[in-house]
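This is what each chain is made of:
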Amino acid sequence: MNNASPKESIQVAVVEDKVAFRRGIQAILEMTPGIDCVGIYPTAESALEKIPGSSAQVVLMDVNLPGQSGIECAHVLKQSMPELQIIMLTIEEDSERVFAALRAGASGYLLKTATPAQIVEAIALVAQGGSPMSATIARRVVESFHGVPERGAARQSLSPREIDVLEKIANGRRIKEAASDLNVSVTTVQSYLRRIFEKLQVNSQAEAVAKFLR
């Protein structure tokens with residue numbers, strides 16, 4: 001564990017069955033200031049036993065776990081810990097798995113080929129309410145819903161400006177980039193996102209995008 005204060009650090013747990021990859025992730029977390037590794041679990045079952053009620057704020061979750069899947073584990077964890085942010089890790093970009101992960105409450109989705117810097121950046125982003133996702137995945141999510149004529153109550157409940165913000169996020173833009181595109185401050189975009197989360201009754205950008213596009 002690193003020496004960062006728990007009050008200042010991001011509390012991260014890892015659920016991964018492959019020993020080598022698990023140790024690699026643990027090493028990255030323990031060497032990164034501002035991040036505390038608070039649990040390493042090889043199965044969904046062990047994670048579900050220990051993570052609820054723990055100090056974990058972010059979970060790095062393997063999609064393909066032995067026994068109960070990572071997507072199923074994410075769903076159960078989000079029910080008991082709504083504020084928990086979950087980043088799914090997988091070896092391939094699979095649109096169907098992305099949708100399943102988002103529906104389960106995942107906040108982001110990264111390939112296992114991501115660099116240590118990308119993993120750390122994703123943790124920081126999701127802890128701030130962002131949704132780390134590769135540009136390819138974000139684009140597939142958007143394209144899969146092209147041609148759907150009715151977006152339902154989700155779209156109708158949002159103001160035009162809130163829709164502008166959410167569409168930027170759906171197209172893979174980060175908060176700072178969305179703010180620049182819309183010629184407003186980062187604080188303003190974050191304020192819009194908080195209102196969007198409240199209106200759509202979600203806890204992350206990924207959930208908001210999934211509900212909006214659905």
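Everything below is about the structure printed above this text.
Undergrad: What exactly am I supposed to notice about the environment of Y41 here?
TA: You can see Y41 is positioned in strand β2 (residues 35-41). Considering only alpha carbons, one finds Y41 and V15, 26 residues apart in sequence, at a separation of 4.7 Å.

Undergrad: Can you walk me through the packing of helix α1 (residues 19-30) against helix α5 (residues 116-127) in this structure?
TA: Any two packed helices are characterised by the angle at which their axes cross and by the distance between the axes. Across the interface, α1 lies against α5 with an axial gap of 10 Å and an inter-helix angle of 65°. One way to sum up the angle between α1 and α5 is to call them roughly perpendicular. Classified by chirality, the crossing of α5 by α1 is right-handed. Here I25, I28 and L29 of α1 come into contact with α5, specifically with P116, I119, V120 and I123. Residue composition of the contact of α1 with α5, grouped by class: seven nonpolar, no polar and no charged.

Undergrad: Please clarify how the pairing of strand β4 (residues 85-90) should be interpreted in this entry.
TA: Successive side chains on a regular strand alternate, one facing one side of the sheet and the next facing the other. Burial within β4 is extensive, with six of its six residues counted as buried. With burial as the criterion, each face of β4 is covered, one bearing Q85, I87 and L89 and the other bearing I86, M88 and T90. Across five bridges, strand β3 (residues 58-62) lies against β4 in parallel orientation. Paired with M61 across the bridge in β4 is M88. In this sheet, strand β5 (residues 108-111) lies alongside β4 in parallel orientation, the contact comprising four bridges. When the bridges of β5 are listed, I87 appears paired with G108.

Undergrad: Help me understand the sheet that holds β2, please; the structure alone is not making it clear to me.
TA: The strands making up a sheet associate through backbone hydrogen bonding, with each pair oriented either parallel or antiparallel. The parallel open sheet is built from five strands, whose spatial order is β2-β1-β3-β4-β5. A strand with exactly one partner marks an edge of an open sheet, and here the two such strands are β2 and β5. Mean inter-strand twist for the sheet, computed between neighbouring axes without regard to direction, equals 25°. Inspection of the sheet shows strand β1 (residues 10-15) paired to β3 by four bridges, in the parallel sense. What sits directly across from V15, in β3, is M61. Docked against the sheet, α1 engages β1, β2, β3 and β4, running at close to 160° with respect to β2.

Undergrad: What is the right way to look at the pairing of β1 in this model?
TA: Taken across its six residues, β1 has six buried, putting it largely inside the fold. Bridge count between β1 and β2: six bridges; the pairing is parallel. Each residue of the ladder has a partner; that of Q11, found in β2, is D36. Considered for its hand, the β-α-β crossover made up of β1, α1 and β2 is right-handed.

Undergrad: I tried to follow the side chain of S46 on my own but got confused; where do I start?
TA: Following the sequence through the fold, S46 ends up in helix α2 (residues 44-50). Classification of S46 as buried rests on a relative accessible area of 18%. In this structure the side chain of S46 is engaged in a polar contact, spanning 2.9 Å, whose partner is the backbone oxygen of T43.

Undergrad: I keep staring at helix α9 (residues 175-182) and nothing clicks. Help me out?
TA: Given 3.6 residues to a turn, an α-helix orients residues that are three or four positions apart in the same direction. For α9, every residue scored as buried is listed here: I175, A178, A179 and L182. Taken end-on, α9 shows its buried residues confined to a sector of 100°, consistent with a single buried face. Those residues of α9 that are exposed and angled more than 90 degrees off the buried face are K176 and S180. Following α9 by one or two positions, N183 adopts a phi angle in the positive range, close to 60°.

Undergrad: Sorry if this is basic, but what is going on with the nonpolar core here?
TA: Within soluble globular proteins, side chains that are nonpolar generally end up buried alongside one another. Of all hydrophobic cores here, the largest spans 28 residues; its most connected members are V15, I51, V59, M61, L84, I86 and M88. Among the elements that make up this core, the one with the highest residue count is helix α4 (residues 95-104) (five residues). Formed by 20 residues, the second largest nonpolar core is a distinct cluster that contains L158, V165, I169 and L193.

Undergrad: I tried to follow the side chain of E16 on my own but got confused; where do I start?
TA: Residue position: E16 is located in the loop between β1 and α1. Not counting chain neighbours up to four residues away, the residues in contact with E16 comprise F21, R22, Y41, P42, D62, L65 and K112.

The rules behind these values
Residues numbered from 1 in each chain as written. Predicted model: local features only at pLDDT ≥ 70, side-chain atom pairs only at ≥ 80, totals over all residues. Heavy atoms only, no water. Helix = DSSP H or I, 4+ residues; strand = E, 2+ residues; numbered from the N terminus. Axes fitted to C-alpha atoms, helices over the stretch in contact; angles between N-to-C directions. Parallel < 35°, antiparallel > 145°, perpendicular 65-115°, else oblique. Left-handed = near helix turned anticlockwise from the far one by under 90°. Contact = heavy atoms within 4.5 Å. Nonpolar A, V, L, I, M, F, W, Y, C, P; charged D, E, K, R; others polar. Buried < 20%, exposed > 50% of the residue type's maximum accessible area, 1.4 Å probe, protein only. Pairing = 2+ DSSP bridges. Right-handed = clockwise from strand over helix to strand, strands pointing away. Polar contact = N/O pair within 3.5 Å; in protein donor to acceptor, adjacent residues only side chain to side chain. Arc of directions from axis to C-beta. Core = buried A, V, L, I, M, F, W, Y, C linked by side-chain atoms within 4.5 Å.

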